[in-house]
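A closer look at the structure
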Amino acid sequence: MIIAIDGPAASGKGTIARQIAAVYGLQHLDTGLLYRAVAKAVLDAGYPPDDVEHAIAAAITLDPAKFQDIALKSQAITEAASVVAAIPQVREALMNYQREFATRPPGAVLDGRDIGTVIAPGADVKLFVVASPEVRAKRRVLELRARGEAADEQEVLADLLRRDERDSRRTAAPLMQAPDAHLLDTTHLGIDAAFRAAVDIIEAVRAGRKRR
Ligand code: C5P
């Protein structure tokens, strides 16, 4: 089974994806880490994130062993990731890794921006997870403060909106709900309720398949 979970930053998709993978015994890939790792490699080498040539080279030589690096979550990398992610050849270079991950037994949950539309258009279940920008900013602030980073809510909100805009407006695989994706709005849902709502959707889709 392949489950595709897309949505904007801090919508809750990552937490839902992790929990769903654990419950259904599937592998989980946070695809944002790929773009973050490319961005970090470019910045570490001393180039700006919109340096197309170096970003492509970093994507081609990407080392999945580096996905656990905590530095990938920093604000600078977050911003740079959405810049390298707009480069079509970078996306192209990262496609095989994601598709192979998705099709490997026993199946996988992938979360990102283009999983249901580009990476796994044939996924068994697709979720598009959203939440209001204000709620997403609050969540991100709590997350940053929990890691000991200073965070101003207005600044975080502005960063999120800028990133949403960049991710939605780019021509290469923009953030978009697939026509057959189920919308899950977590604005008024806590972690447990969001997880249960996701399971309900997955079970309804599976039951529908069996009846046919
Ligand atoms: O999900 P996360 O916030 O870690 O993603 C970081 C950035 O990577 C996003 O803002 C987006 O630009 C890019 N991304 C993408 N496609 C994905 C996953 C992430 O373009 N499937």
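One can find the structure itself at the top, above this paragraph.
Residues numbered from 1 in each chain as written. Predicted model: local features only at pLDDT ≥ 70, side-chain atom pairs only at ≥ 80, totals over all residues. Heavy atoms only, no water.

Some details on the overall build of the protein chain
Stated precisely, the cut-off is as follows: Segments assigned H or I by DSSP are reported as helices when at least four residues long, segments assigned E as strands when at least two residues long, and all are numbered from the N terminus. The quantity called the radius of gyration is restricted to C-alpha atoms. Its globule counterpart is 2.2 Å times the number of residues to the power 0.38. Think of it in three bands: residues with accessible area under 20% of the maximum for their type are buried, residues over 50% are exposed, and the middle band is partly exposed, with areas taken using a 1.4 Å probe on protein chains only. Contacts are assigned to residue pairs with any non-hydrogen atoms lying within 4.5 Å of each other. By the counting rule applied here, Lys and Arg register as positive and Asp and Glu as negative, while His and the ends of each chain are not counted. For the purpose of locating charges, the reference atoms are NZ of Lys, CZ of Arg, CG of Asp and CD of Glu.
Within the protein chain, the regular secondary structure consists of nine helices and five strands. Listing the helices and strands of the protein chain from first to last along the sequence gives β-α-β-α-α-α-α-β-α-β-α-α-β-α. The C-alpha radius of gyration computed for the protein chain amounts to 17 Å, which stays within 12% of the reference 17 Å derived for 212 residues, consistent with globular compactness. Per-residue burial for the protein chain yields a buried fraction of 48% across its 212 residues. Across the protein chain, the fraction of contacts at a sequence separation of at least 24, relative to all contacts at a separation of at least 6, is 77%. Counting 28 positive and 29 negative side-chain charges, the protein chain places the centres of these two groups 5 Å from one another.

Topic: the packing of helix H2 (residues 32–44) against helix H5 (residues 88–103)
Rule in force here: Only the contacting stretch of a helix is used when fitting its axis, a line to C-alpha atoms as for every element, and angles between N-to-C directions run 0 to 180 degrees. By definition in this entry, angles of less than 35 degrees are roughly parallel, angles greater than 145 are roughly antiparallel, angles of 65 to 115 are roughly perpendicular, and the rest are oblique. Whether a crossing is left-handed or right-handed is set by the direction in which the near helix is turned from the far one by less than a right angle, anticlockwise for left-handed and clockwise for right-handed. In this classification, Asp, Glu, Lys and Arg are treated as charged, Ala, Val, Leu, Ile, Met, Phe, Trp, Tyr, Cys and Pro as nonpolar, and every other residue, Gly included, as polar.
Running from amino to carboxyl end, H2 crosses H5 at an angle of 135 degrees, the nearest separation of the two axes being 11 Å. One way to sum up the angle between H2 and H5 is to call them oblique. Judged by the sense of rotation from one axis to the other, the crossing of H2 with H5 is right-handed. Note on element contacts: H5 touches H2 through Val-90, Arg-91, Leu-94, Tyr-97 and Gln-98, opposite Leu-34, Tyr-35 and Val-38. Class assignment of the residues belonging to the contact of H2 with H5 gives a composition of six nonpolar, one polar and one charged.

Topic: the pairing of strand S4 (residues 125–130)
The line we're drawing: Only when DSSP finds a minimum of two bridges between them are two strands counted as paired.
Taking burial as the measure, the six residues of S4 include five buried ones, the bulk of the element. For S4 and strand S5 (residues 182–185), the ladder comprises four bridges, and the chain directions are parallel. When the bridges of S5 are listed, Val-129 appears paired with Leu-184.

Notes on the side chain of Gln-98
You can see Gln-98 is positioned in helix H5. With relative accessibility at 0%, the residue Gln-98 sits in the buried group. Setting aside chain neighbours within four positions, we find Gln-98 in contact with Leu-29, Thr-31, Leu-34, Tyr-35, Leu-110, Ile-115 and Ile-119.

Considerations on the site of the ligand
Our working definition: In this text, near means that some heavy atom of the residue lies within 4 Å of the molecule or strand in question. We call two N or O atoms a polar contact when they sit within 3.5 Å, provided that within protein one can donate a hydrogen and the other can accept it, with sequence-adjacent residues counted only if both atoms are side-chain atoms. We get accessible surface area from the Shrake-Rupley algorithm with a probe of 1.4 Å; when it comes to residues, only the shown protein chains can shield them.
With respect to spatial proximity, 15 residues lie near the ligand, and among them Arg-36, Arg-91, Arg-163, Asp-167 and Arg-170 are the closest. Here an oxygen atom of the ligand and a side-chain polar atom of Arg-36 are 2.6 Å apart. The separation between an oxygen atom of the ligand and a polar side-chain atom of Arg-163 is 2.7 Å. Taken by itself the ligand offers 450 Å² of open surface, and the protein chains cover 97% of this. Going through the elements one at a time, H2, helix H4 (75–84) and helix H8 (153–169) are the ones with two or more residues in the shell around the ligand. In terms of residue count, H2 provides more of the shell around the ligand than any other element does, three residues in total. Here the residues of the shell around the ligand are counted per class, giving three nonpolar, four polar and eight charged.

Digging into the sheet that holds strand S2 (residues 27–30)
Taken in spatial order, the five strands make up an open sheet running S2-S3-S1-S4-S5, and their pairing is parallel. One side of each edge strand has no neighbouring strand; the edge strands of this open sheet are S2 and S5. Mean inter-strand twist for the sheet, computed between neighbouring axes without regard to direction, equals 20 degrees. Strands strand S1 (2–6), S2, strand S3 (108–112), S4 and S5 of the sheet are contacted by helix H1 (residues 13–24), whose axis makes an angle of about 175 degrees with S3.

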